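Given next are the chains, with one letter for each unit.
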Amino acid sequence: YGIRHLLLASRRGPEAPGAHELHQRLTHLGATVRIVACDSADPTQLGALLDTIPHHHRLTAVIHTAAVLHDAVINDMTTQQLDTVLTAKADTAWHLDRLTTHHNLAAFVMFSSAAAILGAPGQANYAAANAVLDALAHQRRHHHQPATSLAWGYWHTPSAMTAHLQTQDLARIHTSGLTPITTEQGLALFDAALTHQQPHLIPAPINPAALARQARHHHLPTILSA
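All values derive from a computational prediction rather than experimental measurement.

About the thresholds
Residues numbered from 1 in each chain as written. Predicted model: local features only at pLDDT ≥ 70, side-chain atom pairs only at ≥ 80, totals over all residues. Heavy atoms only, no water. Helix = DSSP H or I, 4+ residues; strand = E, 2+ residues; numbered from the N terminus. Salt bridge = Lys/Arg side-chain N within 4 Å of Asp/Glu carboxyl O. Buried < 20%, exposed > 50% of the residue type's maximum accessible area, 1.4 Å probe, protein only. Contact = heavy atoms within 4.5 Å. Lys, Arg positive; Asp, Glu negative; His and termini not counted. Polar contact = N/O pair within 3.5 Å; in protein donor to acceptor, adjacent residues only side chain to side chain. Arc of directions from axis to C-beta. Phe/Tyr/Trp six-rings, centres within 6.5 Å; stacked < 30°, edge-to-face > 60°. Lys NZ or Arg CZ within 6 Å of the ring centre and 35° of its normal.

**Re unusual backbone geometry**
Okay, so step 1: With a phi close to 60°, His144 is a non-glycine residue in the positive phi region.
Okay, so step 2: With phi around 60°, His218 is a residue other than glycine that occupies positive phi space.
Okay, so step 3: Secondary-structure assignment places His218 in the segment after α8 (208–216).

**Quick word on the pattern of salt bridges**
Okay, so step 1: By the definition in use, this model includes 3 salt bridges.
Okay, so step 2: Between Arg11 and Asp39 there is a salt bridge whose closest N-O contact spans 3.5 Å. Of this pair, Arg11 sits in the loop between β1 (5–10) and α1 (19–28) while Asp39 sits in the loop between β2 (32–37) and α2 (43–51), and the two are 28 residues apart along the sequence.
Okay, so step 3: A relative accessible area of 58% places Arg11 in the exposed class.
Okay, so step 4: On the basis of relative accessibility, which here comes to 21%, the residue Asp39 falls in the partly exposed class.
Okay, so step 5: For the salt bridge of Asp97 with Arg98, the shortest nitrogen-to-oxygen distance reads 1.9 Å.
Okay, so step 6: When salt bridges that share partners are traced, they join Asp97, Arg98 and Arg140 into one network.

**Some thoughts on the environment of Val109**
Okay, so step 1: By secondary structure assignment, the location of Val109 is in strand β4 (residues 107–113).
Okay, so step 2: The buried category is assigned to Val109, whose relative accessible area is 2%.
Okay, so step 3: Spatially, the C-alpha atoms of Val109 and Thr60 are 12 Å apart, while their sequence positions differ by 49 residues.
Okay, so step 4: If we ignore the near neighbours within four places in the chain, the residues touching Val109 are Val62, Ile63, His64, Thr148, Leu150, Phe190 and Leu194.

**Here we look at the side chain of Lys89**
Okay, so step 1: The topology assignment puts Lys89 in helix α3 (residues 79–99).
Okay, so step 2: Here Lys89 sits buried without a salt bridge, and the closest side chain of opposite charge, Asp134, lies 8.2 Å off (N-O distance).
Okay, so step 3: In terms of polar contacts, Lys89 uses its side chain to reach the backbone carbonyl oxygen of Phe111, at 2.3 Å.
Okay, so step 4: Of the polar contacts made by the side chain of Lys89, one reaches the side chain of Asn130; its length is 3.0 Å.
Okay, so step 5: Not counting the four nearest positions on each side in its chain, Lys89 is found in contact with His64, Ala66, Ala67, Phe111, Ser112, Tyr126, Ala129, Asn130 and Leu133.

**Let's talk about the side chain of Gln214**
Okay, so step 1: Here Gln214 lies in helix α8.
Okay, so step 2: On the accessibility criterion, Gln214 (11% relative accessible area) is buried.
Okay, so step 3: Each residue touching Gln214, except ones within four places of it in the same chain, is listed here: Thr175, Ser176, Gly177, His219, Leu220 and Pro221.

**As for α2**
Okay, so step 1: Those residues of α2 not exposed but buried are Leu46, Gly47, Leu49 and Leu50. Angularly, the buried residues of α2 cover 160° about the axis, an arc narrow enough to put them on a single face. Opposite the packed face of α2, turned more than 90 degrees from it, sit the exposed residues Thr44 and Asp51.

**Looking at the packing of aromatic side chains**
Between two aromatic rings, the relevant description is the distance of the centres plus the angle of the planes.
Okay, so step 1: Taken as a whole and assessed by the stated rule, the structure comprises 3 aromatic pairs.
Okay, so step 2: Judged by centre distance (5.0 Å) and plane angle (70°), the rings of Trp152 and Trp155 are edge-to-face.
Okay, so step 3: Exposure remark for Trp152: the relative accessible area of 5% places this residue in the buried category.
Okay, so step 4: Look at Trp155 and you get partly exposed, because its relative accessible area is 25%.
Okay, so step 5: Counting every residue linked through ring pairs, the aromatic cluster contains Phe111, Trp152, Trp155 and Phe190.
Okay, so step 6: Directly above the aromatic system of Trp94 lies the positively charged group of Arg98, at a separation of 3.7 Å from the ring centroid.
Okay, so step 7: Lying across the ring of Phe108, Arg140 places its NZ or CZ 3.8 Å from the centre.

Structural measurements only, silent on function.
Structure, rendered in structure tokens:
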């Protein structure tokens, strides 16, 4: 997209695993990159970070990918588990929305999850947090602001959120009908999504045969019943 100046923020910033290698790779490709530590759920920290963006390279796009898991069945879920997950996803999105209103953005992209649409066992807090992102995207579009909430399915490439999954966990994901997304497919889906005007899209390839099995056993999510 011709972006040459990148500000990458996370809780650990340059101390995050792989940050140095990422900086080197992006610099080699011709970008000017800053990797900084910032708690994006803290509006004071986030506002201070945005203020460091130079006027001659104004902010033109926001991509919110932060997420954390703290799973539990809903009867056992604690307030802390709910707060932990909502803070990373929903609070950050809310603050980004409020703190960038004076910027003429071309894109405001949030990484949501299909869990908010289809549900996910033990992840009511995660589903709720992502539903906030989806609703925020609709609200922003209603006010003629750019917004795209991408309700991703399961990415095949291990991440900090999925590296712990055991064989039985992966089997459950396959049984649910979600087809794992490769990095190449994910990037293609991202590009395709930005060509659409809808505020909320679901880049989550599904396996019709798995859905048919769920339907036969009356386990199909209601939203897919038609």
